[in-house]
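Read off the chains here:
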Amino acid sequence: MTEALRKHAWTMGLLALLVVLLAATKLIQPSFGGPGLESLARAALPFAFATAGMAVVVIVGGIDLSVASMMAVCAVTAATLMERMAGVPAIFIVLAVGLGMGLLNGALIVVTRVPDIVVTLAMLFVWEGVALLILETPGGATADWVEDSIRGPFLFGWLPKAFLIIALVTAAIWIPIRRSKLGLSIYATGSDEMAAFRSGVAVGRTKIAAYGICGLFCGFGGLSLAALTGIGEPVPGPYLLASVAAVVLGGVVLGGGRGGLLGPIIAVFILRIIRTILTLMAVDPNVTTIIEGTIMVAVVMLGTAATLRSARR
Amino acid sequence: AGGHKSYTIGVSNTVQGNGWREQMICAMRAQALVEGDVANLIVAHRNTDSAGQLEDINNLIEAGVDAIVLNPSNPDALNSALDAAMAQDIVVVAVDAGVTAEGAYILSNNQEEYAYLGAKWLFEQLGGSGDVVYMRGIAGVSADTDRDNGFKRALAEFSGINVVHEVFTGWQQDQGKQQMFDFLATGIPFDGVWTSGIDNVIVDAFVESGAPLVPIVGADNAGFVQYLTTVDGLEGAAVTNPGSVGGAGIALAVDILNGEAPDSTTVLVDPVLWENKTADGRATIEGAQNPNLDPEWPVSVTVPGWTDYSMEEIIACEGPGDS
Amino acid sequence: MSATDTNPPLARLGRLMRDNPMIPLVVFLILLIATLEVMRPGIVMPFRGGRDGLISTFWVGNLIKFAIPLAMLAACQVLTMLTAGIDLSAGIVATVAAFVCATLSSIWGVAPAVLIALASGLTVGIVNGIGVGLVRVHPLIMTLGTGLIATGCLQVYQRLVINAGAEIPGFLVWLGTGRTLGMPNGLYLFIPFAAFVICLMRFTGFGRILFALGSNERASMLSGVRSWQVYLALYALSGLIAALAGLLYLGIIRQTSLSLANPLLLPSVAAAVIGGTSIFGGRGSYAGAIVGALILRVLDTMLTLLQMPEGARTALFGIIILAVTALYVRITGSR
Amino acid sequence: MDDLAVLDASGIVKTFGAVRALTDANLRVGEGEVVALMGANGAGKSTFVKIITGALRPDAGNVLIRGREARVGNPAEARRSGLVPVYQEPSLIPDLDVGDNLRLGDTPVGPFMDWVRELGVEDVRLADMISDLPLATLRILDLARALASEPDVLLLDEMTAALPTDLVERVLTVVRARANDGMGVIYVSHRFTEISELCDRASVLRDGRTVGDLEIEPGVEERAVELMLGQKLDLSHREGAASRGAASGASRLSVRNLSAGPKLTDVSFDLHPGEVLGVVALEGQGQDELFEVLSGFEKPTGGQVEVNGRPVSFSHPADAIAAGLTFVPGNRAEALLAQRSVRENIALPFAARPRSWGPLKLGRERERVRYAIDKLQIDTRAQGEAQMLSGGNQQKVTIGRWLATGVETLLLFDPTRGIDVRTKRQIYPLARELAESGAAVLFYTSELDEVALACDRAIVIFNGRVVDTIEASDADEQTLMRAAYGLTGTEAVS
Ligand SMILES: Nc1ncnc2c1ncn2[C@@H]1O[C@H](COP(=O)(O)OP(=O)(O)OP(=O)(O)O)[C@@H](O)[C@H]1O
Ligand SMILES: Nc1ncnc2c1ncn2[C@@H]1O[C@H](COP(=O)(O)OP(=O)(O)OP(=O)(O)O)[C@@H](O)[C@H]1O
Ligand SMILES: [Mg+2]
Ligand SMILES: [Mg+2]
């Protein structure tokens, strides 16, 4: 029990911070309630998927700088397809496109033996270009039911559908993987590639799979962008740096092998709610940038200091 | 506006760190300050995409604003949030570019006209035939697409005009300058340059490389307007594209809140072209100049008939609730 | 005697490349320039007739001129990457320095403006150094955060000087736009700078320690290195270099902007990595990064001159970067 | 058993760039046979083991299992073919717990736990994180994992090098028992005692070539060394035994009632200039903590340390170095700059302090590095990157660093781990030589015979306390062993 608590201390701390921030929001704006939560969850949607994907590749010991570009490709694919065909097959095609892009990223990393950061930096441009080739200018359309599926509450008045989608999708993808041999291999490869190889892990295939999972999450991210806006935009949004920040805030160690998906996703909500609070308080937007940067650094500093202390016994 | 009411107005903008947008925000602040009825201005101003703007608008609704003035990142993408706002009787005014949400007011610079006007002037200067360089903004962004439509319309009217280089500057000074150096170096000759607002570095590129100047069309940025009168041998035109349209948006929002809504929900602010080839044109430019202004700021700091603030007030860039 | 000797010339060539990783890089660069010359005959030649007579645009000079600030920012990345770090605040620091210098020059004069600009870079660097060295925050997050903070501060500052106008100090314009024998004057700054960085990395104790920290921090501690001192000095230096690059860039572009040098950030990382610097620390070369910067600039020109949809251009840029590094890794056997 | 050789590897060739690690390596192992693979540092033993088990691909040669071509393209395939290694470096995943490490390689848990207990490690749970476990335990887990997968041939690459004596005994017993059940074993070690106790036969590698096969019989050491080194080496000559410098004058390092962590409870001793003081302890008796404290990595929780009569307190290894205390850790991965050259590795301390961050004195550096390389006979064929050196040569580099810099007080933690006979026999006089020139040396070793060869006296630590002090003249292995097990010291000394 205490073991589990110690292992998940960081995630628990983040959860507590999120609750405190939610309470603070309620204090600042007493009318904050169901709709507020709902728009918070919707805003978190693309960030959560980008972060989940990034977390998986960071755990395997890599990094994917092309997440935002892949999301743009998926968003424009979704918007162009849904103009022409039924929503459900279009969704599957988009997810397949995302998965394919991720697998290609991974395969290039493994085959060329060029470091991940370089390959995905190059692929950032490639996917950005591909998005522009698919849709030269913002446009396309999404099926109405797709837009409705992320809007509004689910069953009870206060549980946003968007939140449910984040929870279901990440759980449906990650929990089976985490439980399987693949999940172990992902952690093993990120922790010590050489030892993993010698323990019989197919390191190359594991990496490719991890990047594929990242691509799949980017597929969901692109779909959620299309569903949010109703169109497809070929220009990558601000999801790259935000996802790296959320991953690190969420307790995944850059370099691999440690952390999970829950922490980073909580971190996404924390970062979103901070923005909401700053808007509610009518803080000067320039100062907002300073505050966001400071909070990011301060939280990580606190966390690092805490782990250093506990590591020192 | 009679009896003092106290409105809270929300502002949403998705490009930060660009002189034009900074002027727009300052114009909004200044106008809100001079409007007696605005008690508070909440500004959401950052670099983000349409999804991020949706988030900001929802946050503004959550903050209980009476009106939202936004520079939309895309005409179609924001409808869900804008509909939600209008369902709560929040007034929505889009400035700079339009939105398709039913019931939203639009007070926009006519981007298609902006490009058409400048391109037409340029093509006329060349006598209807010649080679031009076409320096666009950011690929895949609405404003760039609108301008491209205007440019193409003018191009269709002049069959003798040929585009030898088309390139995206990303609305970045350094990129534009470097690209112009590259064009000059290739030796493929051209007779004129149309720019989407990255203008004075283009002039610099000609001067620094010693290449003979060709007619150049830019925007009414302080730096470029100054060049139009000071650089020897430069023939050029500045097309107005006032960032102060933001101030006009605030004025419109207050009018609507006070029950003085205009008949049409769409108001287009048409651009004006200032060229330095005629005495008249030069006089206009001399009058508009302001050497102390941030060179990225448009020199047309007011929209006559809409904005009420003074030069000092927009430069102070303070809104209600500040200080 | 063994497999390697059965094909002597090829094997020897391979070994030569491995031992001198600069050779394949320079070969790539020359190949790219040759392709460009084929695409646009005459572009690389110094003097040529245009429609209106002689144009003295010296393309190579321009190439070098624009590569210099990129190469300077790449120095920030190479140095920090040696310790398995990175400086994502470099682009913003350069922008801040340029903006502060241009606006303060017209208020307080050139000398204080330049000093304050450099000091602001140094300050960001020191904060980075404290965060990375003392609090042990991951450099990626630390520099990302200080970058954000610096951006916000710049925005706030900008509102105070809207009316101040801007003045680009004369010597910066001379450095940025002047030429000597067809070569940009920026080289007067850059050649000593590059010599300094290369010597710092190869022939000083500090350089040794950078490589050592990146290879194995515990081993360095064991040998008596106090790593926080190194990180502090390193990131402060990186901030200073970024500010210097920003000043030079100001002279080149002759225009202030709130995002002037920001677009150089990703290319500066790319230049460092193309030049053979490992992001995992312990391996790197500044000469390689300089060639990397030149390669990126030549690519820029090629794509600018290619008539194709913007999407294809962007994609091609990525594909070429990947191809170059993949080939480089294949030839030198390093990563 | 000859025609039924379980494993037959022949004609193996492997080059790394310019380094020819193996030119013609051959090895046959029959059912139930334990074959020692011997060779000097850098002879190619580890490379050979890696090729047989699929971690490296050979340039030429083939591996037969029971006469048939074996598929050993990667470690997983080799494992399926029945070839299971324990490599020279730990191969468990640091960020996974023990249970997950087992799942990763489909190792059955029950047998694994049985083997762990059988090998004499009690306090391991499946939920323990690998990164929290000490090196010796990891080696045992590595072995237990290999045994649990029921291999046809088990390959052990210097797996006992990091083990304390008691665990070595258990390992040898267990491996012998499994061999008697029919498992083939390839055993790499530099320790003759282990080889003569365990092995049936020895195969000797020199410079990547198999140069001979020896039956294990009395006196085989001489012949083996001759084959390994290509020259004669007098094993009976015990260098240093004659030159015991009397501990003179005031003590250099004086430790009083030192405690740290749960394991180190109360240790006191004095170390004098001109003295080599041995430290003898079984695994986990507090010796790790003692060295961590003295080297400045850890703060003591009680007691006092004095250097030259002045009390000191270190908050960083740099403080310890400033006080003249330099440390060579037992785990070379901690001390090596894997990607840097041998020269930079050795010269590292020269540039450590900010005042030496300026230009390097290259001439002086070259000279000092040369001196250290010559002294330790470091094989510099692959000197461009330290990670490409063989395990033993890496170990030498970490010691060489302090030879080049010059030392006052040297803290050696098991310095001969994985070092070949010849170099070992050079390290003892080296320690003595240092002592004679005025240095003081604290020498922890897991090989008890080294105490008599290198030390003046030895302290024995048991359960976090010094339980005995033994003069070199009395330090035969039995006495040391009894003391190390905590059997009252007075009896042992008397
Ligand atoms: N990856 C590599 N790259 C280059 N050279 C290597 C590499 N691995 C091993 N070598 C070289 O191959 C030779 C044989 O090394 P190996 O590790 O097999 O020796 P060893 O017999 O196990 O020695 P030791 O007893 O010291 O462990 C050495 O000269 C070593 O430097
Ligand atoms: N840069 C260098 N290159 C080569 N050898 C060096 C270098 N710096 C120091 N050394 C050697 O390392 C040893 C310790 O030098 P160091 O300067 O650290 O000692 P010190 O006791 O601080 O000396 P001082 O009191 O003169 O400063 C000396 O033997 C010296 O020769
Ligand atoms: Mg070995
Ligand atoms: Mg060895």
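Refer to the structure presented above.
None of the values given here were measured: they were computed from a predicted structure.

Novice: Before we move on, can you summarise the overall build of chain A with the specific residues and values?
Specialist: When helices and strands are tallied, chain A shows 14 helices and zero strands. Counting helices and strands in the order they occur from the N terminus, chain A gives α-α-α-α-α-α-α-α-α-α-α-α-α-α. The C-alpha atoms of chain A give 19 Å as radius of gyration, which agrees with the globular expectation for 313 residues (20 Å, within 12%). Here the C-alpha coordinates of chain A stretch approximately 55 × 55 × 40 Å along the principal axes. Buried residues in chain A amount to 60% of all 313 residues. Relative to all contacts within chain A whose residues are 6 or more apart in sequence, the contacts with residues 24 or more apart total 79%. When the accessible surface of chain A is totalled, it reaches about 11,500 Å², and 71% of it is carbon and sulfur. Taken together, the 20 basic and 15 acidic charged side chains of chain A have centroids lying 15 Å from each other.

Novice: Residues and numbers for the coordination of the magnesium ion (ligand 4), please.
Specialist: All names here are of chain D. Each protein donor to the magnesium ion (ligand 4) is listed here as Q88 (NE2) and E158 (OE); together their distances run 2.4 to 2.5 Å. The two metals, the magnesium ion (ligand 4) and the magnesium ion (ligand 3), are separated by 3.9 Å and share Q88 as a common coordinating residue. You can see Q88 sitting in the loop between β6 (83-86) and α3 (98-104) and its partner E158 sitting in the loop between β7 (153-157) and α6 (165-180), a full 70 residues away along the chain. Classification of Q88 by relative accessible area gives buried; the value is 11%. Exposure remark for E158: the relative accessible area of 7% places this residue in the buried category.

Novice: Hey, could you go over the interface of chain B and chain C for me, with residue numbers and the actual values?
Specialist: With 47 residues of chain B at the contact, the number on the chain C side is 41 residues. Buried surface at the junction of chain B and chain C, summed over both partners, amounts to about 3,800 Å²; 49% is from carbon and sulfur atoms. For chain B, the biggest contributors to the area lost against chain C are B:D174, B:Q178 and B:A185; these three give 14% of the whole. Taken together, the links from chain B to chain C amount to three salt bridges. With a shortest N-O distance of 3.7 Å, B:D204 and C:R254 are connected by a salt bridge. Taken together, chain B and chain C are joined by eleven residue pairs in polar contact (both at pLDDT 80 or more). Put simply, the parts of the chain that give the side of chain B that touches chain C at least two residues each are α1 (19-34), β7 (160-168), α6 (173-186) and α7 (200-209) of chain B. Examining the composition of the side of chain B that touches chain C, we find that eleven residues originate from one element, α6(B), more than from any other. Split by residue class, the side of chain B that touches chain C holds 20 nonpolar, 13 polar and 14 charged.

Novice: Help me get a handle on unusual backbone geometry, residues and values and all.
Specialist: The backbone of B:D96 shows a phi angle near 75°, a positive value even though the residue is not glycine. Relative to the elements of secondary structure, B:D96 occurs in the loop between β4 (91-95) and β5 (105-109). Despite not being glycine, C:R136 has its phi angle at roughly 65°, a positive value.

Novice: Could you give me a rundown of the nonpolar core, with the residues and numbers involved?
Specialist: Nonpolar side chains tend toward joint burial in soluble globular proteins. Counting residues in hydrophobic clusters, the biggest one holds 301 residues, and the most contacted among them are B:M180, B:F190, B:V193, B:F206 and C:Y286. With 17 residues, the single largest contributor to this core is helix α3 (residues 59-82) of chain C. Taken together, domain 1 (5-233) and domain 2 (251-484) of chain D each give at least three residues to this core, which thus spans both. Filtering out sequence-adjacent residues up to four positions away, B:V193 remains in contact with B:L122, B:V133, B:M135, B:M180, B:I202, B:F206, B:V214, B:P215, B:I216 and B:V217. Ranked by size, the runner-up nonpolar core spans 55 residues in total, among them D:V171, D:M183, D:A224 and D:L229.

Novice: Mind laying out the site of ligand 2, listing which residues take part and the relevant values?
Specialist: All names here are of chain D. All residues in the neighbourhood of ligand 2 are listed as F350, R353, R355, K361, R364, E365 and T405. Between ligand 2 and the protein, one listed contact pairs an oxygen atom with a side-chain N or O atom of R353 at 2.7 Å. The backbone of K361 places a nitrogen or oxygen atom 3.3 Å from a nitrogen atom of ligand 2. For the shell around ligand 2, the residue count by class is one nonpolar, one polar and five charged.

Novice: Tell me what's going on with the sheet that holds strand β10 (residues 236-239) of chain B, and back it up with residues and numbers.
Specialist: Residue and element names in this part refer to chain B. Spatially, six strands are ordered β7-β6-β8-β9-β10-β12 in an open sheet, and the strand pairing comes out mixed. The open sheet has two free edges, formed respectively by β7 and β12 (273-275), since each of these has just one partner strand. Direction aside, the axes of adjacent strands within the sheet are offset by 20° on average. Note that strand β6 (residues 129-136) and strand β8 (residues 192-195) share four bridges and pair parallel. Across the sheet, V132 pairs through a bridge with G192, a residue of β8. Against the sheet, helix α8 (residues 222-230) touches β9 (216-219), β10 and β12, its axis set at about 150° to β10.

Novice: So what about the pairing of β10(B)? Which residues, and what values?
Specialist: Residues and elements named next belong to chain B. Of the two faces of β10, both are covered, the one formed by G236 and A238 as well as the one formed by A237 and V239. Bridge count for β9 against β10 is four bridges, and the pairing is parallel. From the neighbouring strand, A219 faces β10, where its bridge partner is V239.

Calculation notes
Residues numbered from 1 in each chain as written. Chains lettered and ligands numbered in written order. Predicted model: local features only at pLDDT ≥ 70, side-chain atom pairs only at ≥ 80, totals over all residues. Heavy atoms only, no water. Helix = DSSP H or I, 4+ residues; strand = E, 2+ residues; numbered from the N terminus. Rg over C-alpha atoms; globule rule 2.2 N^0.38 Å. Buried < 20%, exposed > 50% of the residue type's maximum accessible area, 1.4 Å probe, protein only. Contact = heavy atoms within 4.5 Å. Areas by Shrake-Rupley, 256 points an atom, 1.4 Å probe, with all protein chains shown as cover. Lys, Arg positive; Asp, Glu negative; His and termini not counted. Charge placed at Lys NZ, Arg CZ, Asp CG, Glu CD. Donors = N, O, S within 2.8 Å, 3.2 Å for Na, K, Ca; no water. Buried area = accessible area lost by both parts, 1.4 Å probe. Salt bridge = Lys/Arg side-chain N within 4 Å of Asp/Glu carboxyl O. Polar contact = N/O pair within 3.5 Å; in protein donor to acceptor, adjacent residues only side chain to side chain. Nonpolar A, V, L, I, M, F, W, Y, C, P; charged D, E, K, R; others polar. Core = buried A, V, L, I, M, F, W, Y, C linked by side-chain atoms within 4.5 Å. Domains from an automatic or database assignment. Near = heavy atom within 4 Å. Pairing = 2+ DSSP bridges. Axes fitted to C-alpha atoms, helices over the stretch in contact; angles between N-to-C directions.

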